[in-house]
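Okay, here's what each chain looks like letter by letter:
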Amino acid sequence: MLKDRFDRLREKGALIHNITNYVTVNDVANMLLACGGSPIMADDEAEAAEITALCDGLNINIGTLNSRTIPSMYAAGRKANELGHCVLLDPVGAGASHLRTETARGLLREIRFDVIRGNISEIRALAEDSRNTKGVDAAPSDAVTEENLEEAISFVKGFARQTGCIAAVTGAIDLVSDGGSCYVIRNGRPEMSRITGTGCQLSAMMTAFVAANSDGGCFEAAAAAVCAMGLAGEIAYTHLLPEEGNASYRNRIIDAVFHMDGAQLEKGAKYEIR
Amino acid sequence: MLKDRFDRLREKGALIHNITNYVTVNDVANMLLACGGSPIMADDEAEAAEITALCDGLNINIGTLNSRTIPSMYAAGRKANELGHCVLLDPVGAGASHLRTETARGLLREIRFDVIRGNISEIRALAEDSRNTKGVDAAPSDAVTEENLEEAISFVKGFARQTGCIAAVTGAIDLVSDGGSCYVIRNGRPEMSRITGTGCQLSAMMTAFVAANSDGGCFEAAAAAVCAMGLAGEIAYTHLLPEEGNASYRNRIIDAVFHMDGAQLEKGAKYEIR
Amino acid sequence: MLKDRFDRLREKGALIHNITNYVTVNDVANMLLACGGSPIMADDEAEAAEITALCDGLNINIGTLNSRTIPSMYAAGRKANELGHCVLLDPVGAGASHLRTETARGLLREIRFDVIRGNISEIRALAEDSRNTKGVDAAPSDAVTEENLEEAISFVKGFARQTGCIAAVTGAIDLVSDGGSCYVIRNGRPEMSRITGTGCQLSAMMTAFVAANSDGGCFEAAAAAVCAMGLAGEIAYTHLLPEEGNASYRNRIIDAVFHMDGAQLEKGAKYEIR
């Protein structure tokens, strides 16, 4: 049950090392605190491995990757692998530049990730590589809709199998697959796309959910995090005053996670398993 | 009409590449989303030009410039020029250090900017160069007031002519000139100066306004963005609870832009053209 | 009186140079503006000393230290010392990695700090050095409680004497000592620990308090800042709506400082001097 996954995180906590972009990092930290985790940010190569060793999980987000932080991602990833820690990749902007695409691919080759979470365009950009096609521009990155859902599920399952990771593709409909089955999740609100960083926040929270459930239930935990984020968006929306927009909505989503517990998540989660 | 400038942005959208400071970057991203634009942040030299090529406009803000990001500003600026994209410079702290002043001047020499937006001290620091005076310390950086308004308008017009840019000098009274005429804008509230990053947010929003109107009306679009920011400050102020201060005011200003449309802007804008 | 320390800051202002982490930097800037100070962030070695020279105080926070910014901390610190400016160290994560511990220790050797503010674990990690023990892992970093208060006060006094700084150890009970006496402060709320960056914000505000009182009353000013932060946490808590959590609480704490004055601080401060 999703409930158990969230309860476990609330009980045990999870200290998460984040090498993440500076755009949304503050919201990422507050979201981790809201869900029962704790954040550490450290991106210098001289300490990346040592900091990761103290933690329960590692969240690598390439949103503002640069020549100084990319080696830190590798160093932290290798140490996390060595210690058996949960590691998540958020390939922000994969497909938008060679640096992003190649960095994400390089990380996927060298580091064993438990979870990859991105939007459909980012995941397609990475999947192209596995198929040995050229570049990423050829693939029209279509949103997942009810119409193309079958194909999308099949794609996400295939990507999960190819990479050996839990693959989480989030958007209007969210798909989370371990290669065998696929959660199809319909929580959330379209207005969430008008806030910067909801994806980054989800990646961090998902790392905490999975890390706290690493002794079993990682797949369910990843799905639970996606449901929690979407449900928080729904709850927060009901608290918005008429004059409030995306800045206040951002705060209210984090607030909603702060007050959420496993029972509320279980009740509010809207998903099917295919 | 200002209305058309904002309506155009809402209709077309505008993807803006921001090389900006890490202090206010999250608010910059949310403000872009609030006004109908979309943000991308990327500051590594290895991808700066490639990312800019995907975008409609480039916002260069030197607020936390450093040895790693300065070359990225040049690389992105050159590519944006090559592609005819709208480019804006926010010379944060020009005059406060040689690094800032010289970087802003160097960028002005090498990159063709459509708009420069800063406070009066920053713009005076850059103007000194054109006049070949030494340093920036000699010039008392006076606020624009009703008393010195004539001189200030003349200065801003001259700066716009010298640089070939639209010059936007914001403060209690805002001036936006294309070298020929000058918008004198009296929107806004003094409390906005107690929030970090309202200038940075405006620069990003202005880049989006101008980019969406690049086929005509850039000057009016720049003025429209300034009016929109000031008007949002006025609207947000009416929504503040008695106990709320600068942190909540920050959110409410972004929220006000989120809900604003061209008609509201047209009605609330307070300006004259001189 | 604490009142005078805050009133002085409100009257005189204090421009604070922050070399600080990118996680909480926006809240740090807004908190400085809320309390009557002004922020400048600049972390490139090429301008660090020059920017500090313009300011009244320097706040060095090692929360996301890296190979590029560490030399800037030294450069700014030396210049601030040369000019007799107030300098504060926030040794975020000292003890968590060698890079952090050694950087904090190195800064303490080379730079004369007026104030060091950290949590008990961080300060213990630094104190180990003075005692010439090996590493920091041996010391269980216990929270300051009513039970171990005597020992903790003695420790903080000793650390202040050893370093020649005002030592501020914050947590459920806050201790601020100049080596002779010790403020024991009981303001604040446990929920503050669920917000990222309250420590960083306090360090910045404390730098402003001390800088504005550098002609006398630095010790009292440091204690006043701690009381102000805790009191703001108490006031903000009363303004929270039932659905609001850590994200809104963060804003409301800054808002509470924005509206606070010396008289309110004097009345609400809960401390004894031991």
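Computed from a predicted structure; not experimentally measured. Sequence positions are assigned chain by chain, starting from 1 and proceeding in written order. Here chains are named by letter from A upward and ligands by number from 1 upward, in the order in which they appear as written. Reporting of local features is limited, given that this is a predicted model, to residues whose pLDDT is at least 70; pairs of side-chain atoms are given and counted only at 80 or more, and all residues count toward the totals for whole chains, interfaces and linings.

### Structural notes on the interface of chain C and chain A
Taken together, the contact pairs 26 residues of chain C with 24 residues of chain A. If one sorts the elements of the side of chain C that touches chain A by residue count, helix α10 (residues 246–259) of chain C sits on top with five residues. Residue composition of the side of chain C that touches chain A, by class: seven nonpolar, twelve polar and seven charged. Residues are treated as contacting if the C-beta atoms built from their backbones sit within 7 Å of each other. Here a strand is any run of E in DSSP of at least two residues, a helix any run of H or I of at least four, and the numbering for each starts at the N terminus. Following the grouping adopted for this structure description, the nonpolar residues are Ala, Val, Leu, Ile, Met, Phe, Trp, Tyr, Cys and Pro, the charged ones are Asp, Glu, Lys and Arg, and the polar ones are all others, Gly among them.

### Quick look at the sheet that holds strand β2 (residues 38–41) of chain C
All names here are of chain C. Any two strands are treated as partners once DSSP identifies two or more bridges connecting them. Strands sit in the order β2-β1-β3-β4-β5-β6-β7-β8-β9 across an open sheet of nine strands; the sheet is mixed. Of all strands in the sheet, those bounded by a partner on one side alone are β2 and β9 (271–273). Geometrically, the sheet is characterised by an average inter-axis angle of 20 degrees between neighbouring strands, direction not taken into account. Two strands pair when backbone bridges link them, and strand β3 (residues 57–61) and strand β4 (residues 86–90) are joined in this way by five bridges, in the parallel orientation. Residue pairing in the sheet places G57 in a bridge with C86 of β4. The strands touched by helix α3 (residues 45–54) are β1 (15–19), β2 and β3; relative to β1, the strand with the most contacts, the crossing angle is about 155 degrees. Only the stretch in contact is used when a helix axis is fitted, and all axes are lines through C-alpha atoms; the angle between N-to-C directions ranges over 0 to 180 degrees.

### Here's the deal with the interface of chain B and chain A
Taken together, the contact pairs 24 residues of chain B with 26 residues of chain A. Put simply, the parts of the chain that give the side of chain B that touches chain A at least two residues each are α2 (25–35), β2 (38–41), α3 (45–54) and α10 (246–259) of chain B. Among the elements that take part in the side of chain B that touches chain A, α2 of chain B stands out by supplying six residues, more than any other. Looking at the side of chain B that touches chain A residue by residue, the classes come out as 13 nonpolar, five polar and six charged.

### As for the confidence of the model for chain A
When pLDDT is averaged across chain A, the result is 94; 95% of the residues are at 70 or more. The complex model carries a pTM of 0.96, and its ipTM stands at 0.95. Each residue carries a pLDDT score, the predictor's own confidence in it, on a scale running from 0 to 100.

### Observations concerning helix α1 (residues 2–12) of chain A
Residues and elements named next belong to chain A. Residues L2, R5, F6, R8 and L9 constitute the buried set of α1. The arc that holds the buried residues of α1, viewed along the axis, is 155 degrees, so those residues lie on one side. Contact partners of the buried residues in α1: α2 (25–35), α8 (198–212), α9 (218–239) and α11 (262–268). Phi for G13, located one or two positions after α1, is positive at around 70 degrees. Exposure in this text rests on C-beta crowding, where 20 or more other C-beta atoms within 10 Å of a residue's own make it buried, 12 or fewer make it exposed, and counts in between make it partly exposed. The C-beta atoms are placed from the backbone. What the arc measures is the spread of directions leading from the helix axis to the C-beta atoms.

### Some details on the pairing of β2 of chain B
All names here are of chain B. Pairing of strand β1 (residues 15–19) with β2, which is carried by four bridges, proceeds in the parallel orientation. Residue pairing in the sheet places N18 in a bridge with M41 of β2. For the crossover from β1 across α2 to β2, the handedness is right-handed. Place the viewer so that the strands point away; then a crossover is right-handed whenever the path from the first strand over the helix to the second strand goes clockwise.

### Overview of the packing of α2 of chain A against α10 of chain C
For the pair α2 of chain A and α10 of chain C, interaxial distance at closest approach is 9 Å and the crossing angle is 120 degrees. Taken together, the axes of α2 of chain A and α10 of chain C lie oblique to each other. Seen from α2 of chain A, the contacting residues are N30, L33 and A34 of chain A; seen from α10 of chain C, they are N246, A247 and R250 of chain C. Note on angle classes: values under 35 degrees are labelled roughly parallel, values over 145 roughly antiparallel, values of 65 to 115 roughly perpendicular, and the remainder oblique.

### Describing the relation of the copies chain C and chain A
At an RMSD of 0.0 Å, chain C and chain A line up after a rotation of 120 degrees and a shift of 0.0 Å along the axis. One copy is carried onto the other by what is essentially a three-fold rotation axis. Minimal C-alpha distance to the rotation axis in chain C is attained by Y22 of chain C, lying at 3.6 Å. Counting the interface residues of chain C, we find that no more than 15% of their copies in chain A are interface residues as well, pointing to two distinct contact surfaces. Alignment of copies: least-squares fit on C-alpha atoms of residues with pLDDT of at least 70 in both copies.

### Overview of the packing of α3 of chain B against helix α4 (residues 70–83) of chain B
Residue and element names in this part refer to chain B. Two elements in contact, α3 and α4, have axes separated by 8 Å at closest approach and are oriented at 25 degrees. Looking at the two axes, α3 sits roughly parallel to α4. Read as a crossing pair, α3 and α4 show a hand that is right-handed. Residues E45, A48, A49, T52 and A53 of α3 form the contact with α4, whose own contacting residues are P71, S72, A75, A76, K79, A80 and L83. Considering only residue class, the contact of α3 with α4 consists of eight nonpolar, two polar and two charged. Crossings are sorted by hand: turned counterclockwise from the far helix by less than a right angle, the near helix makes the crossing left-handed, and turned clockwise it makes it right-handed.

### A closer look at the sheet that holds strand β5 (residues 115–118) of chain A
Residue and element names in this part refer to chain A. Taking strand neighbours across the sheet as the criterion, the nine strands line up as β2-β1-β3-β4-β5-β6-β7-β8-β9 in an open arrangement whose pairing is mixed. Because the sheet does not close on itself, it has two edges, and the strands there are β2 (38–41) and β9 (271–273). Going from strand to strand, the sheet's axes swing by 20 degrees on average, the running direction of each strand aside. The pairing of β5 with strand β6 (residues 166–169) spans four bridges and is classified as parallel. Within the sheet, the bridge partner assigned to R117 lies in β6 and is A168. Its contacts with the sheet place α2 against β1 (15–19) and β2, and it is angled at close to 150 degrees to β2.

### Quick look at the relation of the copies chain B and chain A
At an RMSD of 0.0 Å, chain B and chain A line up after a rotation of 120 degrees and a shift of 0.0 Å along the axis. The share of interface residues of chain B whose copies in chain A are also at the interface is only 17%, consistent with the copies meeting through different surfaces.

### A closer look at the nonpolar core
Grouped together as the largest cluster of nonpolar side chains are 321 residues, with contacts concentrated most on A222 of chain A, A222 of chain B together with A222 of chain C. In this structure, A222 of chain C is in contact with V115, I166, A168, V176, M206, F209 and V210 of chain C, ignoring residues within four places of it in sequence. We call a set of buried Ala, Val, Leu, Ile, Met, Phe, Trp, Tyr and Cys residues a nonpolar core when their C-beta atoms link them within 7 Å.

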